[in-house]
Amino acid sequence: MERTTVIHKTPANLRPAPHWSDFEGARRNFSWDLARDALQGLPGGGINIGFEAVDRHAGGALRDRVALRFVARNATPLELSYAELARQTNRFANVLRSLGVGQGDHLFVLAGRIPELYVAVLGALKNGTVVTPMFSAFGPEPIATRIKLGAGQVLVTTDLIYQRKVKQMRSQMPSLRHVLLVAEDGGFTFEPDTLDLATLMHEATDEFTTVSTQADDPALLHFTSGTTGTPKGAVHVHGAVVTHHATGHYALDLHPDDRYWCTADPGWVTGTSYGIIAPLLHGVTSLIDREEFDAERWYTLLEQERITVWYTAPTAIRMLMKAGADLARQHHFPALRFVASVGEPLNPEAVWWGQEALGLPIHDNWWQTETGGIMIANTPAFDIKPGSMGRPLPGVDAFIVEHLEAQDEAPRVRVIDTPDVEGELALKAGWPSMFRGYLNNEARYRKCFAGPDNAWYLTGDLARRDADGYFWFVGRADDVIKSAGHLIGPFEVESALMEHPAVAEAGVIGKPEPVVGEVVKAFISLKDGYQASESLRMDISAHARRRLGAAVAPKEIAFLPSLPRTRSGKIMRRLLKARELGLPEGDTSTLEGGA
Ligand code: AMP
């Protein structure tokens, strides 16, 4: 297939007709007030995520549609209709009430992708209780740190996770009043100081009136790791539901007949905003696979579950690529109509792989914990530029800024109007899902804003905007390499390395060097079937020089069996750098396979 710089949409990519096709017109006519009108709302001007996601449909035409379909190896699929989900979330909200847990209290969930987790998150939201999802693979330390920082009063987890990871830390979490346990693996081991969720659910009633939360009332607290210090708790509000709905429409093109699969774990923000909330808002059927990644299984699920819209991540795509084209060719995906990816840079290679292996290009999109929802995206409405994260969605104003000399702590920035110039990605504040603070850290929050009236949110990402308004990710502000006066984006280098047939993963850092400041060093893991050797190193190096020019290509290449990643899949360049320089590794609580 010829690899062009733009992938034009074809009628085959656009069935059914997408929600929009006129980028400029849609942006011009959009307002967040109008977007809110698409939702129902509650008496007294209230708005509640759980109500909009579940009850709005449970009382209407979609009541019997499957909302969530859980699949697992060696188990019969379990389905919850919208009406059943409404009943169960009501029961859970009543459980919280009976325990004296109310609006503004903090509930944490820590479990795999089990039905009880989804019921707890949505039921708690209906009760006005603030929810923090945690990744079930976290070890005891990060779990306790987060519950302590978030002053969690209730924890929903499984008996096994409790025994292995929570019990021994309980004394360090004085705020924790109730631990509700779900039985794993059939049996249930009673633990002192805990409650059996199944019994409580059985005793609770089906009737519950959702709390009429206001748009600015806290709904979710998502922890995100900084480069230093403890994790930051980003506070999100119920009004965020307007962004979740609008982005499900504009970026994921959800239609009510879709069978949708978001592969992100609900322990991370994508798995909450787009694995739980957005698909329910659109009344679609969501697939939830309880198993971990397995290439053969994923292709089979896409095919047999007749998935129409698939939202996944670059790491998963690269793992599928690594498993080889032959495996993909054994499957067919006639139902699949839209594929999107988020979380880290999506190399052009991966966009093209989608076209070749799935018959559809992959739509990269950009957002972060703090934005609460998708901000910049490749969408059905316009052509894809492989390697670009797309254009700002309706209601989102994105631009590139440069930092000026700051007089004091507060950042001072200026907008860069010239296309193709690198700077920090900024967004005009005011979209509904914007975080409203870092918990107990007002100073850190304030530092994220600059410009007139402090109305520009600084994302901490470096990017550039081209003349057509597409944004191109360069790196995190602290990852970018300066070599001989040139800014070099590690993503650009990694993308080029990834094009080499032997390269499975690449992570690139700036290694301090006295003459040019920094030289580019690449760490590479190889695809199955390739052996590290001097001649392969030279071959990859020559390829990179060819693709990038000598000033940008890595001066050093090292082979590693695999690269350190966060549990959400991002290559930890910071850790590669620390190891390279023999410096302390810092907080590695989010390292995959780590604590
Ligand atoms: P998180 O808050 O964990 O979701 O991480 C957000 C960060 O992931 C962003 O600030 C970016 O650095 C990175 N990121 C997310 N989406 C993309 C994307 N499409 N391309 C490049 N980087 C991305």
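Cut-off values and rules
- Residues numbered from 1 in each chain as written.
- Predicted model: local features only at pLDDT ≥ 70, side-chain atom pairs only at ≥ 80, totals over all residues.
- Heavy atoms only, no water.
- Core = buried A, V, L, I, M, F, W, Y, C linked by side-chain atoms within 4.5 Å.
- Buried < 20%, exposed > 50% of the residue type's maximum accessible area, 1.4 Å probe, protein only.
- Helix = DSSP H or I, 4+ residues; strand = E, 2+ residues; numbered from the N terminus.
- Contact = heavy atoms within 4.5 Å.
- Near = heavy atom within 4 Å.
- Polar contact = N/O pair within 3.5 Å; in protein donor to acceptor, adjacent residues only side chain to side chain.
- Areas by Shrake-Rupley, 256 points an atom, 1.4 Å probe, with all protein chains shown as cover.
- Nonpolar A, V, L, I, M, F, W, Y, C, P; charged D, E, K, R; others polar.
- Salt bridge = Lys/Arg side-chain N within 4 Å of Asp/Glu carboxyl O.
- Phe/Tyr/Trp six-rings, centres within 6.5 Å; stacked < 30°, edge-to-face > 60°.
- Lys NZ or Arg CZ within 6 Å of the ring centre and 35° of its normal.
- Pairing = 2+ DSSP bridges.
- Axes fitted to C-alpha atoms, helices over the stretch in contact; angles between N-to-C directions.

Caption draft 1: Structural context of the nonpolar core. Core analysis: the biggest nonpolar cluster contains 101 residues, and Phe92, Leu280 and Tyr311 have the highest contact counts within it. Broken down by element, this core gets its largest block of residues, 8 residues, from helix α5 (residues 115-126). Sequence-distant contacts of Phe92, that is, excluding residues within four places in its chain, are made with Leu107, Val119, Ala120, Gly123, Ala124, Val156, Leu180, Leu197 and Met201. Tyr299, Leu301, Ile307 and Leu358 belong to the second largest nonpolar core, which has 30 residues in total.

Caption draft 2: Layout of the site of the ligand. Close contacts around the ligand come from 14 residues, with Asp364, Asn365, Gln368, Thr369 and Arg476 the closest. Within the side chain of Asp364, one N or O atom sits 2.8 Å away from a nitrogen atom of the ligand. In this structure, a nitrogen atom belonging to the ligand sits 2.7 Å away from a main-chain N or O atom of Asn365. Burial of the ligand by the protein chains amounts to 90% of its free accessible area of 500 Å². Elements with a contribution of two residues or more to the shell around the ligand: β14 (362-366) and β22 (471-476). The greatest single-element share of the shell around the ligand, amounting to 3 residues, is contributed by β14. Looking at the shell around the ligand residue by residue, the class counts come to 5 nonpolar, 4 polar and 5 charged.

Caption draft 3: Focus on the pattern of salt bridges. Scanning the entire structure with this criterion turns up 33 salt bridges. For Arg87, the salt bridge is made with Glu84, and the minimal N-O distance between the two is 2.7 Å. Of the two residues, Arg87 and Glu84 both sit in helix α4 (residues 82-98), 3 residues apart, roughly one turn of that helix. Using a relative accessible area of 35% as the deciding quantity, one classes Arg87 as partly exposed. Residue Glu84 is classed as partly exposed on the basis of its relative accessible area, which comes to 24%. Of the charged contacts in the structure, one is a salt bridge between Lys577 and Glu518, with a shortest N-O distance of 3.2 Å. Taken as a pair, Lys577 in helix α18 (residues 573-581) and Glu518 in strand β26 (residues 517-526) lie far apart in primary sequence, 59 residues in all. On the basis of relative accessibility, which here comes to 14%, the residue Glu518 falls in the buried class.

Caption draft 4: Quick peek at the packing of aromatic side chains. In the structure shown here, the tally under the stated rule is 26 aromatic pairs. On the basis of an interplanar angle of 90 degrees and a centroid distance of 5.8 Å, the ring pair of Phe382 and Tyr470 is categorised as edge-to-face. Of this pair, Phe382 sits in the loop between β15 (376-377) and β16 (391-392) while Tyr470 sits in the loop between β21 (456-465) and β22; the two residues are 88 residues apart in sequence, bridging distant segments of the chain. Its relative accessible area of 5% is what places Tyr470 among the buried residues. Three or more aromatic residues joined by ring pairs form one cluster here, namely Trp20, Phe23, Phe30, Trp32, Tyr250, Phe382 and Tyr470. Arg391 extends its terminal NZ or CZ atom over the ring of Phe23, reaching a point 4.0 Å from the ring centre. For the cation-ring pair, Arg391 lies above Phe382, with the distance from its terminal atom to the ring centre recorded as 4.4 Å.

Caption draft 5: Quick look at the side chain of Lys126. Within the fold, Lys126 resides in helix α5. A polar atom in the side chain of Lys126 sits 2.8 Å from the side chain of Asn90. Here Lys126 is in contact with Asn48, Gly50, Phe51, Asp55, Ala86, Thr89, Asn90, Phe208, Thr210 and Val211, once residues within four sequence places are set aside.

Caption draft 6: Local environment of the sheet that holds strand β11 (residues 285-289). Here we have 9 strands laid out as an open sheet, ordered β2-β1-β11-β10-β12-β13-β14-β15-β16, and mixed in their pairing. Whereas interior strands pair on both sides, the edge strands pair on one side only; in this sheet they are β2 (78-81) and β16. Relative to the sheet, helix α11 (residues 295-304) contacts β1 (66-71), β10 (259-262), β11 and β12 (309-312), its axis offset from that of β11 by approximately 160 degrees.

Caption draft 7: Representation of the environment of Ala53. Mapped onto the fold, Ala53 is located in helix α3 (residues 49-58). Given the relative accessible area of 0%, Ala53 is considered buried. Residues Ala53 and Asn29 lie 24 residues apart in sequence; the distance between their C-alpha atoms is 25 Å. Beyond its immediate chain neighbours, meaning those up to four positions away, Ala53 contacts Tyr82, Leu122, Ile277, Leu280 and Leu281.

Caption draft 8: Spotlight on α3. Among the 10 residues of α3, 10 are classified as buried, and the element is accordingly described as predominantly covered. Of the positions making up α3, those classed as buried are Ile49, Gly50, Phe51, Glu52, Ala53, Val54, Asp55, Arg56, His57 and Ala58. On its buried side, α3 packs onto α4, α5, β8 (218-224), β9 (232-237), α9 (241-250) and α10 (269-281). Among the residues of α3, the N-terminal cap falls to Asn48, whose side-chain oxygen and the backbone nitrogen of Gly50 are separated by 2.9 Å.

Caption draft 9: Unusual backbone geometry, seen in detail. In this structure, Arg306 takes a positive phi of about 50 degrees despite not being glycine. Tracing the backbone through its elements, the reader meets Arg306 in the loop between α11 and β12. Its relative accessible area of 48% is what places Arg306 among the partly exposed residues. Residue Asp420 is not a glycine yet carries a positive backbone phi of 70 degrees. You can see Asp420 is positioned in the loop between β18 (412-415) and β19 (423-428).

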